[in-house]
Amino acid sequence: MNVLKLAAALTILLAVQAVSLAPARADDCLPDPGPKYQPIQGLDGSGYPICYFQPNDTNKSAYTALQSRHILEVYAQFLSPLRLPHPLTLVALNCQPDFHSDSPFYSSADRALHFCYEWYNDVLQAAPTATTTQGVTRANVITGMWAGTLLHETGHAMFDMLDVPVFGREEDAADEVAAFIALQFNKDVQRTIIKGFAYFWQMAAQNGEDPPTVDDPNPPQDVIQRCFSDPLCAYSDVHGTASQRLYNTLCLGYGGDPDTFKDFVQMGWLPQTRAADCDREYHQLEFAFAKTILPFIDPQMRAKVQSTPWLLPTEMQ
Amino acid sequence: MPSWLIGSMGERVCHSIEIADRAHRLAGIGRFSRRANTPGRLWRNIFAAAAIVVSLAAPALAQTPALQPNPQIQVDYIQPKPNPAADPNQFTDFTTIYAWLQVRQPLGEVQKFLAPLRLSRPIKIQVDTCGAERRPYVSGGLVTICYELIDKIEKIAGTITNNDSLKQTVIVGTFTETVLHELAYAVFDVLQVPVWGRIDDAADRLAAFVLMQFSEDISHTAMVGSAEFFLLSRKTWTGSAFANTRSPDAQRFYNYLCIAYGGDSLDFGGWTQAPKGQDPLLPAFRAQQCAHEYDQVRDAFNLRIMPFVDPDLLLQVKAAQWFVPAELGK
């Protein structure tokens, strides 16, 4: 990811809101080439139709990796306890060149989560090849970023379809959804997703995605890129800065389970000054979830989802 | 950065006024004529000359007595305390502020402003010496406006030269925003409002939304004044500074612009315009989201706060004249 991609992500959001996307038609979706997905019994994912679109040549490996993992089929079942008033379509597609972005997105125009094949390669590139000083592994980042992104976009879908009152900034709120849901699972899952998601934003910050501190002597021609190269205008993004997203994620992990995430504070990854507020922040989130989303979640199916091993051992190494 | 994006927002305010004024003149309204520079007034002088301001205020304030103060809102102005670690001049400044508060009684206005709000338990709001710009609200505790922040507003406004009207707008608008922002925490707490997103941003968005429900005089003063304050007080953020629970002033600046533009794209439409070859103050990609952002806060307000608001009293609050002409830079 870089500034250009981030800017493009904004463009795509606007484009998607402005243009009515045609709902995915079954005829356009690739059939399961097999081995066929074996659904988990007792989790009805029919409210979440799926569609893998034909990948272009560049994205064939991404399609193969995602489809062979049955990522959409699995995620549809994961979402089965959530009772949305309308079907939410899960789509894997080429986002370039039509959407000018690699980033997954939710579109209210077609009530669909769009997962870009390009994103798969971006995450692979961002993942460290060796374990980092914070103990983050390559598997943590790949799994955590994918899971975190799926959950983040689902957050947007829930806010839209459930008319969730959002007083704060929606992009922060969607990150909160991702962190909160991750924290409802066992410690291995929690740490994989929280660490992977946080590390991704740390890398983004280190790669210059936080707002610049000085003027660009040669500002880009493109108006959005020029904005993101400006020390003031860069803050106009609806998303938090990369570093804000890093610390927000670490804070919710620590606030939700201080024992599991106390090393974040001990190693100085999460500053003590912020850590002191994390219990309050997590409980604010827990309360908001309970009041606005929990009524739409089937408790029996939720329990089954929480006890299901969604991630493979290799994905949590 | 284009030169007109540097420094005070005053030029851009003028630009927005030019555009809006044109629109209003076409409609035969011309409401922005008040933006002509008013006679020079300094913030320090405003405090010192509080009696004059109040005398100016008398006719306007006479329009609010029908509103009874909300008995659940308790207010207090605590005498400033000297801080041995701080500049002694600061204590002098606080004493001047305290004297102004005693005369102007702005928190008394807040008691009336919040008359429609039905609260299950009292909220106490005070002005106190904090040793910092803010004293974070703790559930069930007091709402505190810190002398240090009022002092900062004064000093930031003091950096605006050659535009006394804008200076006045920053002082009045930012003080009003500050009170509503700090009160928002207590309102969320007492009404048990679920808050998605960072609570500091939520408090900003609620304050901005509330301020947009009033006449153009009020909304313009509050939104322009607050945005200008954030612009002028912004600092460079790097690394772990982003761990702060509060958002950078530059981010808050755009949040305010967006709620204002989203709530009234006519009055604030100038922010999306720019002279040829320059970029607008509010970038198009954000501006296109602002109606959605405004609607999002409005819907949240209607769902979670409006049930605790007396609609008849609300209309009286909206009809009242809350600022005196001098406070509006008239």
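Every chain's residues receive numbers from 1 upward, in the order its sequence appears when written. Naming scheme: in the order in which they are written, chains are lettered from A and ligands are numbered from 1. Residues qualify for local features only when their pLDDT is at least 70, as the model is predicted, and side-chain atom pairs are given and counted only at 80 or more; totals for whole chains, interfaces and linings, by contrast, use all residues. Note that the side-chain values use all heavy atoms of the structure and ignore hydrogens as well as water.

Here's the deal with the sheet that holds strand β3 (residues 105–107) of chain A
Residue and element names in this part refer to chain A.
Argument step 1. We treat two strands as partners when DSSP finds at least two bridges between them. Secondary structure is summarised from DSSP: a helix means a run of H or I of at least four residues, a strand means a run of E of at least two, and numbering begins at the N terminus for each. With mixed pairing, the four strands of this open sheet are ordered in space as β1-β2-β4-β3. In this open sheet, the two edge strands, each paired with only one partner strand, are β1 (50–52) and β3. Across the sheet, the mean angle from the axis of one strand to that of its neighbour is 20 degrees, orientation sign disregarded.
Argument step 2. Relative to strand β4 (residues 112–116), strand β2 (residues 89–93) runs parallel, the two sharing five bridges. Within β4, the position partnered with alanine 92 by the bridge is phenylalanine 115.
Argument step 3. Contact criterion: two residues are considered in contact whenever any of their non-hydrogen atoms come within 4.5 Å of each other. To get an axis, a line is fitted to the C-alpha atoms, and for a helix only the part in contact is used. The angle between two axes follows their N-to-C directions and goes from 0 to 180 degrees. Set on the sheet, helix α5 (residues 138–161) makes contact with β3 and β4; between it and β4 the angle comes to about 155 degrees.

Some points on the packing of aromatic side chains
Argument step 1. Here a pair means two rings of Phe, Tyr or Trp (six-membered ring of Trp) with centres within 6.5 Å. Their orientation is stacked below 30 degrees between planes, edge-to-face above 60, and tilted elsewhere. This model, assessed by the stated rule, comprises 30 aromatic pairs over all chains.
Argument step 2. Aromatic pair phenylalanine 261 of chain A and phenylalanine 264 of chain A: ring centres 5.0 Å apart, planes at 45 degrees, arrangement tilted. Residue phenylalanine 261 of chain A and its partner phenylalanine 264 of chain A are located together in helix α10 (residues 258–266), separated by three residues, close to a single helical turn.
Argument step 3. Only protein chains enter the area calculation, which uses a 1.4 Å probe; residues under 20% of their type maximum are buried, those over 50% are exposed, and those in between are partly exposed. A relative accessible area of 0% means that phenylalanine 264 of chain A is categorised as buried.
Argument step 4. Arranged with centres 5.2 Å apart and planes meeting at 80 degrees, the rings of phenylalanine 264 of chain A and tryptophan 269 of chain A form a pair that is edge-to-face.
Argument step 5. Following the ring pairs from residue to residue traces out a cluster consisting of Phe159, Phe180, Tyr282 and Phe289 of chain A together with Trp196 of chain B.

A word on the state of the cysteines
Residues and elements named next belong to chain B.
Argument step 1. Two cysteine sulfurs form a disulfide in these notes if their separation is within 2.5 Å. Under the counting rule described, the total for this entry stands at six disulfides over all chains.
Argument step 2. Note that cysteine 130 is cross-linked by a disulfide to cysteine 146, the S-S spacing being 2.0 Å. Between cysteine 130 and cysteine 146 the disulfide shows an S-S torsion of about -90 degrees. By sign, it is left-handed. With cysteine 130 in the loop between β2 (123–128) and β3 (143–146) and cysteine 146 in strand β3, the pair connects residues that are 16 residues apart, well separated along the chain.
Argument step 3. In this structure cysteine 130 comes out as partly exposed when scored by relative accessible area, which is 21%.
Argument step 4. Overall, cysteine 146 belongs to the buried group, its relative accessible area being 1%.
Argument step 5. Here the disulfide map of chain B reads 1-2, 3-4, the bonded cysteines being numbered as they appear in the sequence.

Considerations on the confidence of the model for chain B
Residues and elements named next belong to chain B.
Argument step 1. Residue-level pLDDT values for chain B average 83, and 80% of them are 70 or greater.
Argument step 2. A low-confidence stretch, residues 1–62 stays under pLDDT 50, and its non-local contacts, those more than four residues away or across chains, total 123 contacts.
Argument step 3. Here the predicted complex carries an ipTM of 0.93, next to a pTM of 0.89. On a scale of 0 to 100, pLDDT captures the predictor's confidence in every residue.

Remarks on the interface of chain A and chain B
Argument step 1. Contacts between the two partners involve 54 residues from chain A and, on the opposite side, 47 residues from chain B.
Argument step 2. Taken together, both faces of the contact between chain A and chain B bury some 4,400 Å²; the carbon and sulfur share is 61%.
Argument step 3. In this description, buried area is defined as the sum, over both parts, of the accessible area (probe of 1.4 Å) that is lost when the two are combined. The largest per-residue losses of area from chain A upon contact with chain B belong to Phe167, Leu232 and Tyr235 of chain A, which jointly make up 22% of the total buried on that side.
Argument step 4. Between arginine 226 of chain A and aspartate 279 of chain B there is a salt bridge; the shortest N-O distance is 2.7 Å.
Argument step 5. Here a polar contact means two N or O atoms within 3.5 Å. Within protein one must be a hydrogen donor candidate and the other an acceptor candidate, and residues neighboring in sequence count only if both atoms are side-chain atoms. Joining chain A to chain B, the criterion identifies 16 residue pairs in polar contact (both at pLDDT 80 or more).
Argument step 6. Sorting the residues of the side of chain A that touches chain B by element identifies α1 (3–18), α6 (170–182), α8 (223–228), α9 (242–256) and α12 (278–292) of chain A as the ones contributing at least two each. Salt bridges, as used here, are contacts in which a Lys or Arg side-chain nitrogen is within 4 Å of a carboxyl oxygen on Asp or Glu.

Here we look at the pattern of salt bridges
Argument step 1. As enumerated under the stated definition, the model contains 28 salt bridges over all chains in all.
Argument step 2. Close ionic contact of arginine 280 of chain A with aspartate 277 of chain A constitutes a salt bridge, the shortest N to O distance being 3.0 Å.
Argument step 3. Across the pair arginine 298 of chain B and aspartate 299 of chain B runs a salt bridge, and its minimum N-O distance is 3.3 Å.
Argument step 4. On the basis of relative accessibility, which here comes to 31%, the residue arginine 298 of chain B falls in the partly exposed class.

Digging into the environment of threonine 236 of chain B
Argument step 1. Structurally, threonine 236 of chain B is set in the loop between α9 (216–233) and α10 (249–263).
Argument step 2. Here the alpha-carbon distance between threonine 236 of chain B and histidine 292 of chain B, two residues 56 residues apart in the chain, equals 29 Å.

Some points on the packing of helix α2 (residues 60–68) of chain A against helix α4 (residues 117–126) of chain A
Residues and elements named next belong to chain A.
Argument step 1. The geometry of α2 relative to α4 is characterised by a closest axis approach of 8 Å and an angle of 90 degrees between their N-to-C directions. Compared by their axis directions, α2 and α4 come out roughly perpendicular. Side by side, α2 and α4 meet where Ser61, Ala62, Tyr63, Ala65 and Leu66 of the first sit next to Tyr117, Tyr120 and Asn121 of the second.
Argument step 2. Its residues placed into classes, the contact of α2 with α4 shows six nonpolar, two polar and no charged. We call two directions roughly parallel when the angle between them is under 35 degrees, roughly antiparallel when it is over 145, roughly perpendicular when it lies between 65 and 115, and oblique otherwise. Each residue receives one of three labels: charged for Asp, Glu, Lys and Arg, nonpolar for Ala, Val, Leu, Ile, Met, Phe, Trp, Tyr, Cys and Pro, and polar for the others, Gly being one of them.

What about helix α5 (residues 106–113) of chain B?
Helical periodicity: at 3.6 residues per turn, an α-helix aligns residues three or four positions apart in one direction.
Argument step 1. Where burial is concerned, most of α5 of chain B is hidden: eight out of the eight residues are buried.
Argument step 2. All of the buried residues in α5 of chain B are Pro106, Leu107, Gly108, Glu109, Val110, Gln111, Lys112 and Phe113 of chain B.

Notes on the sheet that holds β2 of chain B
All names here are of chain B.
Argument step 1. Read across the open sheet, the three strands follow the order β1-β2-β3; overall the sheet is parallel. Two strands in the sheet have a free side with no partner beyond their single neighbour: β1 (73–77) and β3. In this sheet, adjacent strand axes meet at a mean angle of 15 degrees when their direction is disregarded.
Argument step 2. As paired strands, β2 and β3 are joined by four bridges and run parallel to one another. By the bridge assignment for β3, isoleucine 125 is matched with valine 143.
Argument step 3. Along the sheet face, helix α7 (residues 164–190) touches β2 and β3 and points at about 165 degrees away from the line of β3.

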